[in-house]
Amino acid sequence: MHITIISGSHRNPSQSEKIGRYVESLLDEKFDDTEPFLYSLADNPLPLWDQSIWEQDETWVTRLAPLKEQLSKSDAFVIIVPEWHGQVPAGLKNFFLMFSRFELGHKPAFIIAVSSATGGAYPVAELRMSSYKNNRLCYIPEQLIVRDVEKVFNPEPGSNDQRADSYYKDRLDWCLDMLIGYGKALKAMREVTSIHDDRFSNGM
Ligand SMILES: Cc1cc2nc3c(=O)[nH]c(=O)nc-3n(C[C@H](O)[C@H](O)[C@H](O)COP(=O)(O)O)c2cc1C
């Protein structure tokens, strides 16, 4: 199963990408038959949406083609979102303007929120409220909110708070297994259901 992990921070380096790399290696090593791919929004690889995207501008078509192909073949997503001023970073919201039901529709996504303090709930609520309407991404009920992120998921064990680190890692394991289960179930659902009807191309 192809699983795309989106790291939603524009910072380089970032804590979100640190977790993205951990998720990528966990999926690779522990879960059979998964092909993870990490796409990072570090340094803003996608310019802000503009009208020429809807006019099939050649530059945009070329820029988005490889990512469209990767997203289209994916059966599940992990969306890593840092809390920035109580919001989802603008680059991640911009990402959701670029891709549609044809790449993301009726596929499960698992949210991992990241905070260097005790935040993380706001971006979860924001993604669940306003990022899926037209693309029909299906957020699964489980989410992981990683608080005090600098003390966990570090490659050097000595820099981690051991108790918090094992708790998050165990929980992440459990959630990824569930995401894969949803990935299989929704693939079967897409195969037998008319998920595209051009009369209803956008969600209500
Ligand atoms: C512009 C900006 C705003 C931030 N606002 C918040 C916030 O509202 N709440 C919070 O818990 N952390 C906030 N943080 C700290 C992040 O939680 C911290 O940078 C963390 O490492 C996750 O972001 P990263 O993936 O970019 O590293 C903010 C960070 C930045 C760069």
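On a predicted model such as this, the values are computed, not experimentally measured, just so you know.

1. Description of the overall build of the protein chain
Looking only at helices and strands, the protein chain has six helices and five strands in total. Helices and strands in the protein chain line up, N terminus first, as β-α-β-α-β-α-α-β-α-β-α. Relative to its length of 204 residues, the protein chain is compact, with a C-alpha radius of gyration of 17 Å against a globular reference of 17 Å. Taking the principal axes of its C-alpha atoms as reference, the protein chain extends roughly 55 × 35 × 30 Å. Counting over 204 residues, the protein chain shows a buried share of 34%. Within the protein chain, counting contacts between residues at least 6 apart in sequence, those at least 24 apart form 81% of the total.

2. Here's the deal with the sheet that holds strand 5 (residues 138-146)
Within the open sheet, the five strands sit side by side as 2-1-3-4-5. Their pairing is parallel. The strands lining the two open edges of the sheet, one partner per strand, are strand 2 (35-40) and strand 5. For this sheet the average axis-to-axis angle between neighbouring strands, irrespective of direction, equals 20°. Direction of pairing for strand 3 (residues 76-82) relative to strand 4 (residues 108-114): parallel, over a ladder of six bridges. Opposite V81, over in strand 4, you have A113 as the bridge partner.

3. Points about helix 5 (residues 121-130)
Taken together, the buried positions of helix 5 are P123, V124 and L127. Buried residues in helix 5, looked at end-on, bunch into an arc of 105°, giving them a common side. Of the exposed residues in helix 5, those oriented more than 90 degrees away from the buried face are A125, M129 and S130. Against strand 3, strand 4 and strand 5 lie the buried residues of helix 5.

4. Some details on the pairing of strand 4
Most of strand 4 is tucked away: seven of the seven residues are buried. Of the two faces of strand 4, the one lined by P108, F110, I112 and V114 and the one lined by A109, I111 and A113 are each fully buried. For the crossover from strand 4 across helix 5 to strand 5, the handedness is right-handed.

5. Some details on unusual backbone geometry
Each neighbour pair has its own omega, and for N12 with P13 the value is 5°, a cis peptide bond. By the secondary structure assignment, P13 is in the loop between strand 1 (2-7) and helix 1 (15-30). Of note, Q56 is a non-glycine position whose phi angle comes to about 55°, a positive value. We note that F153 has phi near 60°; this positive angle belongs to a residue other than glycine. As for its placement among the helices and strands, F153 is situated in the loop between strand 5 and helix 6 (162-192).

6. Some thoughts on helix 3 (residues 90-98)
Of the positions making up helix 3, those classed as buried are L92, F95 and F96. Down the axis of helix 3, the buried set is contained in an arc of 95°. They therefore lie on one face. On the buried face of helix 3, the contacting elements are strand 1 and strand 3.

7. Some thoughts on the pairing of strand 5
Note: strand 4 against strand 5, six bridges, orientation parallel. Of the residues in strand 5, the one forming a bridge with I111 is Q143.

8. Thoughts on the nonpolar core
Ranked by size, the top nonpolar core spans 40 residues in total, and within it V78, I79, I80, V81, I111, I112 and V146 carry the most contacts. If you list the elements that add at least two residues to this core, you get strand 1, helix 1, strand 3, helix 3, strand 4, helix 5, strand 5 and helix 6. In terms of residue count, the dominant contributor to this core is helix 6 (seven residues). Among all residues touching V78, those that are not within four sequence positions of it are I3, I5, V23, F110 and I112.

9. Some thoughts on the environment of W49
Examined against the element boundaries, W49 turns out to sit in the loop between strand 2 and helix 2 (58-73). Between the alpha carbons of W49 and G86 there is a distance of 22 Å; along the sequence they are 37 residues apart. Those residues within four positions of W49 in sequence are excluded, and the remaining contacts are N94, L97 and M98.

What counts as what
- Residues numbered from 1 in each chain as written.
- Predicted model: local features only at pLDDT ≥ 70, side-chain atom pairs only at ≥ 80, totals over all residues.
- Helix = DSSP H or I, 4+ residues; strand = E, 2+ residues; numbered from the N terminus.
- Rg over C-alpha atoms; globule rule 2.2 N^0.38 Å.
- Buried ≥ 20, exposed ≤ 12 C-beta atoms within 10 Å, placed from the backbone.
- Contact = placed C-beta atoms within 7 Å.
- Pairing = 2+ DSSP bridges.
- Axes fitted to C-alpha atoms, helices over the stretch in contact; angles between N-to-C directions.
- Arc of directions from axis to C-beta.
- Right-handed = clockwise from strand over helix to strand, strands pointing away.
- Core = buried A, V, L, I, M, F, W, Y, C linked by C-beta atoms within 7 Å.

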